[in-house]
Amino acid sequence: MLNSDEAQALWVRLNDLKCVSPDFGSDLFAYVFLGELSRLRPQYESHLLRCEHCQIALKLYRSQHDSGKVLVEYLEIGKKIIEEARAENRTIETKTLSSGMAYFRPHEQGGLGLTVVVHSDGEVSSVEEQSREDFASVGHTQELI
Ligand SMILES: [Zn+2]
């Protein structure tokens, strides 16, 4: 567990850093919380060795959340967004990926929205906060494997 000074220092440091491979780094959430993706473990571990941004983000994340509870909440939100998209809710943006689909639900007041990534086998692989610009520009086009 981090104390608040340590956490504060890490947040400051995190602001100065960028993920060395954002498409890959954004899926770390799935690696951390979904055992199903353990086949990707070696790739994520090597990413973590190279990427200080993700090391710090993970450390902060783990110190602040009850991982089991957060996982269940995020998966529920993710499934809901997918259902809305399938019901042709026009506020949900979709994007075809090499490995599946991504759905973006914008925030009602214009803050960060939520991006859900679903593998072609139907498994939700990540749910994360993201801006519309990032959803539109930062690929998700890169193959994970
Ligand atoms: Zn990274």
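Everything below is about the structure shown above.
Participant: Help me understand the sheet that holds strand β1 (residues 93–96) in this model?
Facilitator: Consider a sheet: its strands pair through backbone hydrogen bonds, and that pairing is either parallel or antiparallel. Reading across from one edge, β1-β2-β3-β4 is the order of the 4 strands in this open sheet, with antiparallel pairing throughout. Only two strands of the sheet have a single neighbouring strand rather than two, namely β1 and β4 (124–130). The average angle at which neighbouring strand axes cross in this sheet is 15°, direction not considered.

Participant: What is the right way to look at the pairing of β4 in this model?
Facilitator: Counting buried residues in β4 gives 5 out of 7 residues, a clear majority hidden from the surface. Note that strand β3 (residues 113–119) and β4 share 6 bridges and pair antiparallel. Residue Thr115 lies in a different strand from β4, and its bridge partner there is Glu128. Connecting β3 to the next strand, β4, in antiparallel fashion are 4 residues, including Gly122 with a positive phi near 95°.

Participant: Help me out: how do you make sense of the pairing of β1 in this one?
Facilitator: Of the strand pairs in this sheet, β1 and strand β2 (residues 100–105) are connected by 4 bridges, and their pairing is antiparallel. Bridged to Glu93 within β2 is Phe104. With antiparallel pairing between neighbouring strands as the criterion, β1 and β2 make up a hairpin whose turn holds 3 residues.

Participant: Which parts of the structure should I look at to understand unusual backbone geometry?
Facilitator: Excluding glycine, residues mostly have negative phi values, and the peptide bonds linking residues are mostly trans. For Glu88, which is not glycine, the phi dihedral falls at a positive 60°. Structurally, Glu88 can be placed in the loop between α6 (67–86) and β1.

Participant: Quick question: what am I supposed to make of the environment of Ser120 here?
Facilitator: In this fold, Ser120 is placed in the loop between β3 and β4. Since 10 C-beta atoms lie within 10 Å of it, Ser120 is described here as exposed.

Participant: For this particular structure, what's the right way to read the nonpolar core?
Facilitator: One recurring pattern in soluble globular proteins is that nonpolar side chains are buried together. Ranked by size, the top nonpolar core spans 12 residues in total: Ile81, Ala85, Ile92, Ala102, Tyr103, Phe104, Leu114, Val116, Val117, Val118, Val124 and Val127. Sorting the residues of this core by element identifies α6, β2, β3 and β4 as the ones contributing at least two each. With 4 residues, β3 is the largest single contributor of residues to this core.

Conventions and cut-offs
Every chain is numbered independently, its residues counted from 1 as its sequence is written. Where totals are concerned, whole chains, interfaces and linings use all residues; where local detail is concerned, this predicted model gives features only for residues with pLDDT of at least 70, and gives and counts side-chain atom pairs only at 80 or more. Here, strands pair whenever DSSP counts at least two bridges between them. Only DSSP runs of H or I reaching four residues or more are called helices, and only runs of E reaching two or more are called strands; each is numbered from the N terminus. Axes here mean lines fitted to C-alpha atoms, for a helix over just the part in contact, with angles spanning 0 to 180 degrees between N-to-C directions. Residues with at least 20 other C-beta atoms within 10 Å of their own are called buried, those with 12 or fewer are called exposed, and the rest are partly exposed. The C-beta atoms themselves are positioned from the backbone. Only buried Ala, Val, Leu, Ile, Met, Phe, Trp, Tyr and Cys residues enter a nonpolar core, and they are joined through C-beta atoms within 7 Å.

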